Every structure is written in C-alpha cells, then in structure tokens.
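What follows is each chain in one-letter form.
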Amino acid sequence: QVQLVESGGGLVQIGGSLRLSCVVSGRTFSTLNMGWFRQAPGKEREFVAGISRKYSTYYADSVKGRFTISRDNAKTVVYLQMNSLKPEDTAVYYCAARDGATAGPQVQYDYWGQGTQVTVSS
C-alpha cells in the first residue's frame, strides 16, 4: 500500500515562499512518478507540477517560473518549492503518485495524499 503524507502548508503573505514536502512509503520510491495538484474552494482539482522517475519535470502555466518540483530518492520525498505566492495560489495541495513512464498533467495518478492547506493572504 503506497502512502503519501504531505506537510509544509500554512499561511503566507503575498510574495512569500513555502516548501511543501511529501513523504512516500510502501513502494520503491524511485520507480514512481510524482505530482502535485491543488484544489481551491468551489473549483476543480488542477495539476500543478510533476516529476517523472527519470526526473523530467512538468508545470502548469500558472506556476511556471515560480514553483519548482524536485525529488530526493534517498529520502523518498518529493518537494514543491513555491515562490512569489499569489492569492490565487490559495488551495489544498495534494501529492500524488503513479506507475508508468511519465508525470504529466494528462495522465491518471494512482495514489493520493490527504492534502495540506496553503493560504496566501495580504
């Protein structure tokens, strides 16, 4: 059973930064493709960023240049560094994992964490 546990969310001012972490267990981490998604109140869940098991990265246009996804296979952790945060980044952020060969926005993810709240306020 693959388990994903997110942390690092919180309240931050406009223009600030946060780093989200997602610890993965129950599967050989290096074989998994990882993604971050978010869901704002009243909106559908959307893809934010992904990193494949071969370290290819993918980003939503709305976060390109501000967010960076990375992974540490030795620690079985995927990170999302978020800079220059805006009010529209406010959402619950979810970590997700999938088998296969890619981590892009158009593929189905198999495993999900419980989410961590990010609130960007003035």
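Data block above holds the structure.
It should be emphasised that the depicted structure is a prediction, and the values quoted were computed from it without experimental measurement.

A.B. asks: Got a minute to help me understand the nonpolar core in this structure?
C.D. replies: Soluble globular proteins tend to pack their nonpolar side chains together in the buried interior. Counting residues in each nonpolar core, the largest one holds 29 residues, and the members touching the most others are Met34, Trp36, Val78, Leu80, Met82 and Tyr93. Put simply, the parts of the chain that give this core at least two residues each are strand 3 (18–25), strand 4 (33–39), strand 5 (46–51), strand 7 (67–72), strand 8 (77–82), strand 9 (91–98) and strand 11 (116–121). Sequence-distant contacts of leucine 80, defined by excluding residues within four places in its chain, comprise Leu18, Arg19, Leu20, Trp36, Val48, Ala49, Phe67, Thr68, Ile69 and Tyr93. Among the nonpolar cores identified, the runner-up in size contains 5 residues, and Phe37, Phe47, Ala103 and Tyr109 belong to it.

A.B. asks: Looking at this structure, how should I read the pairing of strand 1 (residues 3–7)?
C.D. replies: The two faces of the sheet receive side chains in turn, since in a regular strand these alternate between them. Burial along strand 1 is one-sided: Leu4 and Glu6 are buried, while Gln3, Val5 and Ser7, pointing the other way, are not. Bridge count for strand 1 against strand 3 is 5 bridges, and the pairing is antiparallel. Residue pairing for strand 3: leucine 4 is matched across the bridge by valine 24.

A.B. asks: Would you mind showing me how to read the state of the cysteines here?
C.D. replies: Two cysteines form a disulfide when their sulfur atoms are joined by a covalent bond. This model, assessed by the stated rule, comprises 1 disulfide. The residue that forms a disulfide with cysteine 22 is cysteine 95, at a sulfur-sulfur distance of 2.1 Å. Given an S-S torsion of about -80°, the disulfide between cysteine 22 and cysteine 95 has left-handed geometry. In this pair, cysteine 22 sits in strand 3 while cysteine 95 sits in strand 9, placing the two residues 73 residues apart along the sequence. Each member of the pair, cysteine 22 together with cysteine 95, is buried.

A.B. asks: Which parts of the structure should I look at to understand the pairing of strand 11?
C.D. replies: A one-sided burial pattern is seen for strand 11, the buried positions being Thr116, Val118 and Val120 and the unburied ones Gln117, Thr119 and Ser121. Relative to strand 11, strand 2 (residues 10–13) runs parallel, the two sharing 4 bridges. Counted as the bridge partner of glutamine 13 is serine 121 from strand 11. Relative to strand 11, strand 9 runs antiparallel, the two sharing 3 bridges. Within strand 11, the position partnered with tyrosine 93 by the bridge is threonine 116.

A.B. asks: Which parts of the structure should I look at to understand the packing of aromatic side chains?
C.D. replies: Between two aromatic rings, the relevant description is the distance of the centres plus the angle of the planes. By the definition in use, this model includes 4 aromatic pairs. Judged by centre distance (5.5 Å) and plane angle (80°), the ring pair of phenylalanine 37 and phenylalanine 47 falls under edge-to-face. One end of the pair, phenylalanine 37, is in strand 4; the other, phenylalanine 47, is in strand 5, with 10 residues separating them in the sequence. Among the residues examined, phenylalanine 47 registers a relative accessible area of 10% and is labelled buried. With a centroid separation of 5.0 Å and 80° between ring planes, the pair formed by phenylalanine 37 and tyrosine 109 is classed as edge-to-face. With phenylalanine 37 in strand 4 and tyrosine 109 in the loop between strand 9 and strand 10 (111–112), this residue pair connects regions lying 72 residues apart in the sequence. A single burial state applies to phenylalanine 37 and to tyrosine 109, both of which are buried. An aromatic cluster of three or more residues is present, and its members are Phe37, Phe47, Tyr109 and Trp112. Arginine 71 extends its terminal NZ or CZ atom over the ring of phenylalanine 29, reaching a point 4.5 Å from the ring centre. Positioned above the aromatic ring of tyrosine 55, the side-chain terminus of arginine 71 is 5.9 Å from the ring centre.

Rules used in this analysis
- Residues numbered from 1 in each chain as written.
- Predicted model: local features only at pLDDT ≥ 70, side-chain atom pairs only at ≥ 80, totals over all residues.
- Heavy atoms only, no water.
- Core = buried A, V, L, I, M, F, W, Y, C linked by side-chain atoms within 4.5 Å.
- Buried < 20%, exposed > 50% of the residue type's maximum accessible area, 1.4 Å probe, protein only.
- Helix = DSSP H or I, 4+ residues; strand = E, 2+ residues; numbered from the N terminus.
- Contact = heavy atoms within 4.5 Å.
- Pairing = 2+ DSSP bridges.
- Disulfide = S-S within 2.5 Å.
- Phe/Tyr/Trp six-rings, centres within 6.5 Å; stacked < 30°, edge-to-face > 60°.
- Lys NZ or Arg CZ within 6 Å of the ring centre and 35° of its normal.

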